[in-house]
Amino acid sequence: DGGITQSPKYLFRKEGQNVTLSCEQNLNHDAMYWYRQDPGQGLRLIYYSQIVNDFQKGDIAEGYSVSREKKESFPLTVTSAQKNPTAFYLCASSSLPGRDDYEQYFGPGTRLTVT
Amino acid sequence: AQSVTQLGSHVSVSEGALVLLRCNYSSSVPPYLFWYVQYPNQGLQLLLKYTTGATLVKGINGFEAEFKKSETSFHLTKPSAHMSDAAEYFCAVSVGDMRFGAGTRLTVKP
């Protein structure tokens, strides 16, 4: 059963702690993405990667870091430098943009609450 | 750079009524266009997409959208709303990377 998994579904952390969100895909997609979703603001791109060991900043990368050591995995770390980390985080994957089969497939999301 | 605007953050319809969710895009080159649906506390699911070819695109759950280049629009319609259609809907445009609209929350009244 192909798809994207994100864990955990809900995550609670104290302010000042780093936290890592997991994202794994078995769709054999080259590209992976992290988005942040806040009420009324749609999806904002944090980071994306089109190849192993390479990634690019999106619109709101400050306070976040990623790695892409394997094609299947794209973990996101929310650092203590992120001023307002409480949000719903979505991971997605796709074939490379521009292909006819291009579309982004989304995981179920992780809701992070920092107090 | 491409962008997308969804007109109306909230739309309310009665069960059985027409659903019309509006999306306008801006792009200097022919874009790919998408509609996604999101149920509470879940990820996004693709409803339909336009890449090239036929401008009227049919998707899942009875939804369809028409690409109108002259109007730079990609509005989503469904002839008869069902209670299960209540969700948030996102229009997206892609020329290279993908840009999402702010979303439209659809409420269906019994």
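Residues numbered from 1 in each chain as written. Chains lettered and ligands numbered in written order. Predicted model: local features only at pLDDT ≥ 70, side-chain atom pairs only at ≥ 80, totals over all residues. Heavy atoms only, no water.

A few points about the overall build of chain B
Line of reasoning, step 1. When its secondary structure is counted, chain B shows zero helices and eleven strands.
Line of reasoning, step 2. Shown N-terminal to C-terminal, the secondary structure of chain B runs as helices and strands in the order β-β-β-β-β-β-β-β-β-β-β.
Line of reasoning, step 3. On C-alpha atoms alone, chain B measures out to a radius of gyration of 13 Å, which is about the 13 Å that the 2.2 N^0.38 rule sets for 110 residues.
Line of reasoning, step 4. For chain B, the spread of C-alpha atoms along the principal axes amounts to about 40 × 30 × 20 Å.
Line of reasoning, step 5. Looking at chain B as a whole, 45% of its 110 residues qualify as buried.
Line of reasoning, step 6. Summarising the internal contacts of chain B: among those between residues at least 6 apart in sequence, 55% fall at separations of at least 24.
Line of reasoning, step 7. Carbon and sulfur atoms provide 53% of the accessible area of chain B, an area that totals close to 5,100 Å². (Helix = DSSP H or I, 4+ residues; strand = E, 2+ residues; numbered from the N terminus. Rg over C-alpha atoms; globule rule 2.2 N^0.38 Å. Buried < 20%, exposed > 50% of the residue type's maximum accessible area, 1.4 Å probe, protein only. Contact = heavy atoms within 4.5 Å. Areas by Shrake-Rupley, 256 points an atom, 1.4 Å probe, with all protein chains shown as cover.)

Topic: the overall build of chain A
Line of reasoning, step 1. For chain A, the count of helices and strands is zero helices and eleven strands.
Line of reasoning, step 2. Secondary structure elements in chain A, listed N-terminal to C-terminal, are β-β-β-β-β-β-β-β-β-β-β.
Line of reasoning, step 3. For chain A, the C-alpha radius of gyration of 13 Å lies close to 13 Å, the compact-globule estimate for 115 residues.
Line of reasoning, step 4. Intrachain contacts of chain A at a sequence separation of at least 6 include 53% that bridge at least 24 residues.
Line of reasoning, step 5. As displayed, chain A offers around 5,700 Å² of accessible surface, 47% of which is attributable to carbon and sulfur atoms.
Line of reasoning, step 6. When the 12 basic and 13 acidic side-chain charges of chain A are each reduced to a single mean position, those positions are 8 Å apart. (Lys, Arg positive; Asp, Glu negative; His and termini not counted. Charge placed at Lys NZ, Arg CZ, Asp CG, Glu CD.)

Some points on the interface of chain A and chain B
Line of reasoning, step 1. Between chain A and chain B, the contact holds 23 residues from the first and 19 residues from the second.
Line of reasoning, step 2. Taken over both partners, the interface formed by chain A and chain B buries close to 1,600 Å², and the fraction arising from carbon and sulfur atoms is 49%.
Line of reasoning, step 3. Taken together, the links from chain A to chain B amount to ten residue pairs in polar contact (both at pLDDT 80 or more).
Line of reasoning, step 4. Sorting the residues of the side of chain A that touches chain B by element identifies β4 (31-37) and β9 (87-94) of chain A as the ones contributing at least two each. (Buried area = accessible area lost by both parts, 1.4 Å probe. Polar contact = N/O pair within 3.5 Å; in protein donor to acceptor, adjacent residues only side chain to side chain.)

Remarks on the nonpolar core
All names here are of chain B.
Line of reasoning, step 1. By size, the foremost hydrophobic cluster in this structure holds 26 residues, and its most contacted members are W35, L47, L48, F74, L76 and Y89.
Line of reasoning, step 2. Elements that contribute at least two residues to this core include exactly β2 (10-14), β3 (19-26), β4 (32-38), β5 (44-50), β7 (64-68), β8 (73-78), β9 (87-95) and β11 (104-109).
Line of reasoning, step 3. With residues near it in sequence (within four places) discarded, L76 still touches V19, L20, L21, W35, L47, L48, F63, E64, A65 and Y89. (Core = buried A, V, L, I, M, F, W, Y, C linked by side-chain atoms within 4.5 Å.)

Here we look at the side chain of A:S73
Residues and elements named next belong to chain A.
Line of reasoning, step 1. Relative to the helices and strands, S73 resides in the loop between β7 (64-66) and β8 (76-78).
Line of reasoning, step 2. Classification of S73 by relative accessible area gives buried; the value is 12%.
Line of reasoning, step 3. Looking at S73, its side chain comes within polar contact range of the side chain of E24, at 3.0 Å.
Line of reasoning, step 4. In this structure S73 touches C23, E24, M32, S67 and R68, once residues within four positions along its chain are discounted.

Re the pairing of β8(B)
Residue and element names in this part refer to chain B.
Line of reasoning, step 1. Along β8, five of the six residues are buried, which leaves the element largely enclosed by surrounding structure.
Line of reasoning, step 2. Examined bridge by bridge, β7 and β8 share five bridges and lie antiparallel to one another. Within β8, the residue paired with F67 across the bridge is F74.
Line of reasoning, step 3. Between β7 and β8, which follow one another and run antiparallel, lie four residues, and T72 among them has a positive phi close to 45°. (Pairing = 2+ DSSP bridges.)

A look at the side chain of B:S94
Line of reasoning, step 1. Among the structural elements, B:S94 can be located in strand β9.
Line of reasoning, step 2. Look at B:S94 and you get buried, because its relative accessible area is 4%.
Line of reasoning, step 3. Reaching out from B:S94, the side chain makes a polar contact with the backbone oxygen of B:D97 at a distance of 3.3 Å.
Line of reasoning, step 4. Excluding anything up to four places from it in sequence, B:S94 contacts A:Y102, B:Q2, B:P31, B:Y32 and B:F34.

Quick notes on the confidence of the model for chain A
Any segment with low pLDDT has predicted coordinates that should not be analysed in fine detail.
Line of reasoning, step 1. Summary statistics for chain A give a mean pLDDT of 94 and a share of 99% for residues scoring 70 or more.
Line of reasoning, step 2. At the low end of the mean pLDDT range in chain A sits strand β2 (residues 10-13) of chain A, at 94; at the high end sits β7(A), at 98. (pLDDT = per-residue confidence, 0-100.)

Some remarks on the sheet that holds β8(B)
Residue and element names in this part refer to chain B.
Line of reasoning, step 1. Pairing is antiparallel across the open sheet formed by five strands, whose spatial order is β1-β3-β8-β7-β6. The sheet is open, and its two borders are formed by β1 (3-7) and β6 (56-58), each paired with just one other strand. Going from strand to strand, the sheet's axes swing by 20° on average, the running direction of each strand aside.
Line of reasoning, step 2. Pairing analysis gives four bridges linking β3 to β8, with the strands arranged antiparallel. The residue of β8 that forms the bridge with V19 is K78. (Axes fitted to C-alpha atoms, helices over the stretch in contact; angles between N-to-C directions.)

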